[in-house]
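A structural walkthrough
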Amino acid sequence: MAIRVNPSFIDDLSRYGAEDVQLCYQCGDCSTICSHADDIYKFPRKSMRQLQMGLEQRIETTLEPWLCYYCGQCSEQCPREADPGESMMSLRRWLISKYDFTGIARQFFKSKTSEILAVILIALVTGIFLMFYGISGGSIHIYDGEGAFLPSQFIHKFDLTIGSIMAIFLLINSIRMWYFTMIKGVLIPVPWWLYLKELYELPLHFFTQKRYAECESNGKQHLHMPWLIHLGLMLGYVTMLLLVLVFVEPLQAGPEIRWSVHIFAYMATIGLLSGTIYFIRNRFKKNYTQYKKSHSTDWVFVVLLFFIVLTGIFQHVFHRTGLYEWANITYVIHLMAVVPWLLRMPFSKWAHLAYRPLAMYFAAIQKAAYERQELLVDSVSITIK
Amino acid sequence: MDDQWKIDIDAIAKYSANLPEVEMVKNLGIKPRLNVETLIETINSRKLERLVIAGDMPGYYKPVFTKAMAKTGGNVDEVRLASFQEHGAKNGQSLDRAKAIIACATMAVPFSLAAVPGGNPVNHSTLVIGAGIAGIQASLEIANAGKQVYLIEQSGTIGGHMAMFDKTFPTLDCAACILTPKMVDVGQHEMINLMTRAKVVSVGGKPGAYKVKIRQKARRVDVKSCVACGLCVDACPVKVKSEFDAGISIRKAIYIPFPQAVPNTYLIDEEHCRYVLNDGEKCGVCVRKCPKDCIHLDEEDATVDVEVGNVILATGYELLDISKIDQYGYGKFPNVVTSLEFERLTNASGSTGGRIVTKIKQYNRKTKQDEWVFSPEGVPPRSVAIIHCVGSRNKKYNAYCSRVCCMYSLKFAHLIKEKIPNVNVYEFYIDMRAFGKGYEEFAERIREEGTYIIRGHSASVVMNKNQMVVRGEDIFNDRLVEFDVDMVVLAVGLVPSQGTEELSRLLGVQRDVDGWFSELDYNGSPTDTDKGGIYVAGMCQAPKDIPDTVAQASAVAAGVLRSLTSGQGIGSMSSLTLSEIEEKAKTVHAI
């Protein structure tokens, strides 16, 4: 099958952050040092080459960008300073916009003004709607129970609505990812039962992110700290999402603390808070290679999340200390940040929560399929004629 | 356009605007984004006939201007470059020079043409600094033409790096067989005044009549009466790593660098000699053993003044400090060696008699520790990996290509295959630079000999259960590879030798960004420097192989002899003032 070459692909990608791809001279140092590169998925060099050649259609079908956790070793020792790690990161951004059928993600990644404007616009609409709803149906002096400013039954429905909109988009995008990578990207037959056989990979990678822990720095130490923080952030996030979508009514009931629910919320908050502070600090200090270049969407991601966590904590504290007016106001502000955040999810970096474990899962299926076809080359047993 | 070279751009712009024929001056800033359409508009509206692009690397932007010029129907030859860096305007101090470069470019006069001065009468002696193959060749050429040469060499013997080599590529000739006769010639030549262990300490005078002060370290052994019996060496208690053997063997504090050394007598390493270090209070055993009484441990360093007309720089190179690069495990794993170490290992005059072996553990009684050493009893390696471009073509170390590594690495592969039966040799390369006569054929021959040549660099050497493992990506075969190897040879990049910076300061010769001496014009006069009567030969100008070095050395000799016999005298380009260069440019322009 002939492949159409897009000569301006490399220029397109510079909008997503990869600026130095053209410097690469294909020495292969990066693939050698990467602890995730293996016989089938040889990155980052191969991805760099495909980028240089403008093989847009091929990159679209690859899983490699998702297999990289950006430990930064490749960029650190790159003799050309072509920054392969950042290129893989940019490819992930590009893939997110590629999986997204609406084109919104593309717009957000390419123009930070449009993203910030969209966030502000949705925040304002949400704020006005909630204020209107609150004033018309309740009193600002009451936080929970009868006549509350924002009754938790209403919030529950509100959350579910927003959540389902987000879920539908994410589901469609994930199906598109499956189509690109598993249908267009695999030229050998993949039997259906492999999908079942490898299914355990999905929760495994989702909940442990063990490949991140396999990343190394300087070829020796494992990167335990970022992995742990990232895992804490992700688990905190998922827990909080579940609490808000399912258990929002007991969560908002007060004023006494319901430990059966709140203990989870507190733990999730610790994870979220430490995670966001850690990542914001690193992006400011630029102390590791992976934080040296921050795309505008990265900043929106962490700063908005940090803001949400902060307003959530304030709202909780005001509620428990009896400052109901303040609690209601912070609640509105909190939701003003939450709604754009949630709606932004399928179109932003956040979507890697779904794509990454999916990619590991797909990769495992592909590997099993290749093994079945005996196409796997054992790299050690090369002999000389 | 880089921050570190702060040439005052505004001053240059002001100066250029006042030059005759200049219609407009535009400061494009750093890394300009140029647009052909706007350029065409400017050219048409101002009716420009010549465009001069000035800056540090103006050639990079030339295509845009040429395109614009062509589209307006102008003469594309009138797009000219005023390249500051290339012509030696490198910092704030060289503002006048930058102005001169622009003046020449606007008048369409090649800078070097305008600025070649003449005049000073020439002293007929020549100073050659560095006695490697370049220095030897140049000295012999000039001396054979009947002119006096002072050849000075920092170490105890002449010969330089070439004397260390086993074979030359691509002909696989014995390096010593080519070099040693020349060395002997130098030693015996009546027109060559050879000074080993000597260094330039100051340079005065002007082109054509340089007054050079040379400091010659005391040899402490009388060259004339020493018969090289070797009794002193047996007695000497001090053991030092041999520089000539690239540190893989041991010598004494009184030593002869190698059997074919010129001058072929012993010398004292005053940095390690116990007698010298203790101001004569200890040791002195060699003096007692010497049957000819030719060791004088109290001999003082001497200073020699010479007057010369021309100076040839042939100071050569050294290997990049490999301790900066830790990913290959050099210094950590015993059998990771540099190219020079391997060269000495495989040389028949080396410590193993030319056998290629892996290091063995030996107990050092002095430090009470086991040490890894090369010994004739060692076991030959079953497989060897040779890694190209170690520190070369790497923005962290040397951005440039060291030019010789590809070929000597292939030569190593051949030597290993020749000496060890059934050995596996892996070459990890990025790009194969087989650029010279017979080189490509040589590379093809090595490939046919069964060396596994892998397109793809290796990033790491690791130890796995007492077995070294080299990882790499075999790009052409699309797979990641891991090989068990017993020895790793690193093709380490080359850097200018240590004294290059000091010498450039003493002589006022420019160096390029990588530290090599700058030639006057890369294409037109690759052996001259902008300082009149000072020439560059061999590696000290840029990495090059032996044939190129010898060719350049001979070319330098031709330049020197021309200055001696033409009767026109010589002068220095940098000695001209801006107005003189302008004046000259105008006259050349008028013709």
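What you are looking at is a predicted structure, and each value in this text was computed from that prediction instead of being measured. (Residues numbered from 1 in each chain as written. Chains lettered and ligands numbered in written order. Predicted model: local features only at pLDDT ≥ 70, side-chain atom pairs only at ≥ 80, totals over all residues.)

Residues and elements named next belong to chain A. Under the domain assignment used here, chain A contains domain 1 (9–99) and domain 2 (106–368). Centre-to-centre separation of domain 1 and domain 2, based on C-alpha positions: 27 Å. Listing elements by their share of the side of domain 1 that touches domain 2, those giving two or more residues are α5 (64–67), α6 (73–77) and α7 (84–99). The element that contributes the greatest number of residues to the side of domain 1 that touches domain 2 is α7, accounting for 7 residues. Per-class residue counts for the side of domain 1 that touches domain 2 are 12 nonpolar, 10 polar and 6 charged. (Domains from an automatic or database assignment. Helix = DSSP H or I, 4+ residues; strand = E, 2+ residues; numbered from the N terminus. Nonpolar A, V, L, I, M, F, W, Y, C, P; charged D, E, K, R; others polar.)

This part covers the interface of chain B and chain A. Across the boundary between the two partners, chain B contributes 22 residues, which contact 23 residues of chain A. Grouping the amino acids of the side of chain B that touches chain A by side-chain chemistry returns 6 nonpolar, 9 polar and 7 charged. (Contact = placed C-beta atoms within 7 Å.)

A few words now on the pairing of strand β18 (residues 360–364) of chain B. All names here are of chain B. Counting buried residues in β18 gives 0 out of 5 residues, a small share hidden from the surface. Here β18 pairs with strand β19 (residues 369–373) via 5 bridges, running antiparallel. Note that in β19 the partner of Ile360 across the bridge is Val373. (Buried ≥ 20, exposed ≤ 12 C-beta atoms within 10 Å, placed from the backbone. Pairing = 2+ DSSP bridges.)

The subject of this paragraph is the domain arrangement of chain B. Residues and elements named next belong to chain B. What the domain assignment lists for chain B is domain 1 (9–117 + 576–590), domain 2 (126–217 + 302–316 + 497–565), domain 3 (231–289) and domain 4 (318–495). Centre-to-centre separation of domain 3 and domain 4, based on C-alpha positions: 31 Å. At the junction of the two partners, domain 3 supplies 7 residues and domain 4 supplies 8 residues. Taken together, the residues of the side of domain 3 that touches domain 4 break down into 4 nonpolar, 2 polar and 1 charged.

This part covers the sheet that holds strand β26 (residues 487–492) of chain B. All names here are of chain B. Spatially, the 5 strands line up as an open sheet ordered β17-β26-β20-β21-β22, and their pairing is parallel. Strands with a single pairing partner mark the edges of an open sheet, and in this sheet they are β17 (336–338) and β22 (452–455). The mean angle between the axes of side-by-side strands here comes to 20°, regardless of whether they run parallel or antiparallel. Against the sheet, helix α12 (residues 405–419) touches β20 (383–390), β21 (424–429) and β26, its axis set at about 175° to β20. (Axes fitted to C-alpha atoms, helices over the stretch in contact; angles between N-to-C directions.)

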